[in-house]
Amino acid sequence: MNSVRSAWLLNRTDAGGGQSRVDTRLAPLGTMTPSGVLASRDGVIPGSQYGKYVMDGLYVFGDQAGMTGKIAPGRAVVQSTEQAGAYPVTVTDYLPLVFADGDAGNPRVDLVVVRVYDAQQDASNRTEAVIEIVQGVPAATPAAPSTPAGALALAEVTVPAGASAGKGGINWDTAVRDRRRATVSVGGIIPRGWGLNFPGAYPGQYRDTGAGLERWDGAQWKAYPEPRPRWQDYTPEWGADNGPKPVPGNGSLNGRYLHDGSIVHFTATLKIGSSTKWVSDNGNWWLSLPVRPTGPAINGHFRARLGKGYYTGTCFLDSTRHANGAACGWTTSKLTGEVAADWADGNYPETAADGQWYTLWGSYEASQ
């Protein structure tokens, strides 16, 4: 009994006008993941005993010294030409893989494939599914041969120079490079297998990268769900509506913001230092925003440490004072609770003190 089998190889009813094997392969019965209008993504059907691995099927390995390895039972889909369709293949038993002796001078890399021959679709004059070893070319830095038409790559096996059954054979612990990739039915999530450098078949397709999910958007794979935005640093610019531009000196300016869709949340702090320079009557200071706002100016919040007390109040978030907009018009209340008559910036003599600070924060709609 042949242990490597494929359904739908023989056309028995073409002459009678019935459903042919090609009809069956091309019709969307048991549709796999598409890779074209009529083509399916080839690959191994995933699954393992107890669900421990992505796929046990068609695994290439060696369990004893020498030149003979094994391939595990499993199922796969092998895509031929788009017009020929996709061939379902099964290997029902563990099969031996006998590799040719190594080249005398250089190593080589052989490719293990499952291959479909169909005399009605190719010039092979054969009608069968087989496991083949495609022998590579010996070289100082060898490369695996290309995958033949109508075949699915399963593994690369490095054959050392001079290797033979009587001379060490193949080092099975390090020789095998798994080339299997998984395929699933349409709409299913493609498990991680050989490589991630392949395009999606349709927007809304998902794949497992081994670390999370990605969704194909029609042009590229994107993490799904998309990563949520995180708070990040920015350095606000300190300016004034009139007079010389203030200079922080050994003071400091720092800010943080979160840009989530069209909404920006921010906080910005100015700390006065001993060498900070400004003009005492330079009112209407501002600190730049991280992202330009849109629409009319809206209110933000303000808190300051001035002299012997803490002051709270408001500011407004305006798009005209800086390329990114600015928090300006700082107003606060006195310790008595009265609303201060002046702006809470350069008009306050307390700001001359080293260590005083101003903090502004708020939320607004971003222009982009």
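Placed above this text is the structure.
First, a word on what this report is: a plain description of the structure on this page. Keep in mind it's a predicted model, so treat the numbers as computed, not measured. (Residues numbered from 1 in each chain as written. Predicted model: local features only at pLDDT ≥ 70, side-chain atom pairs only at ≥ 80, totals over all residues. Heavy atoms only, no water.)

Now for the overall build of the protein. What the protein contains, in helices and strands, is one helix and 23 strands. Accessible surface, the protein as shown: approximately 19,000 Å² in total, 50% of it carbon and sulfur. (Helix = DSSP H or I, 4+ residues; strand = E, 2+ residues; numbered from the N terminus. Areas by Shrake-Rupley, 256 points an atom, 1.4 Å probe, with all protein chains shown as cover.)

Turning our eyes to something else, we now look at the state of the cysteines. According to the stated counting rule, one finds zero disulfides in the structure shown. You can see Cys315 has no disulfide; the closest cysteine sulfur is in Cys328, sitting 7.5 Å from it. (Disulfide = S-S within 2.5 Å.)

Attention shifts here to empty space enclosed by the protein. Per the counting criterion, the structure on display carries one cavity of 30 Å³ or more. Its volume calculated, the largest cavity comes out at about 40 Å³. Of the residues in the lining of the largest cavity, the class split is six nonpolar, two polar and five charged. (1 Å grid on protein atoms, 1.4 Å probe; cavity = no way out; pocket = protein on both sides within 12 Å on 5 of 7 lines; lining within 4 Å. Points joined across faces, edges and corners; volume = space filled by probe spheres on them. Nonpolar A, V, L, I, M, F, W, Y, C, P; charged D, E, K, R; others polar.)

Pairing is antiparallel across the open sheet formed by four strands, whose spatial order is S9-S8-S10-S11. Either end of the sheet is taken by a strand with one partner, and the two such strands are strand S9 (127-134) and strand S11 (176-178). Looking at each pair of strands side by side, their axes are set apart by 20 degrees on average, direction ignored. With eight bridges connecting them, strand S8 (residues 108-118) and strand S10 (residues 151-159) associate as antiparallel partners. Looking at the pairing, Val113 lines up with Ala153 of S10. (Pairing = 2+ DSSP bridges. Axes fitted to C-alpha atoms, helices over the stretch in contact; angles between N-to-C directions.)

The pairing of strand S20 (residues 298-306) with strand S21 (residues 309-318) spans nine bridges and is antiparallel. The residue bridging Ala304 from the neighbouring strand is Tyr311, located in S21. Taking the residues that link successive antiparallel strands as the turn, the S20-S21 hairpin has two residues, and the phi of Gly307 there is positive, at about 60 degrees. Here S20 runs beside strand S23 (residues 357-365); their pairing, made up of five bridges, is antiparallel. Bridge pairing in S23 places Phe302 opposite Leu360.

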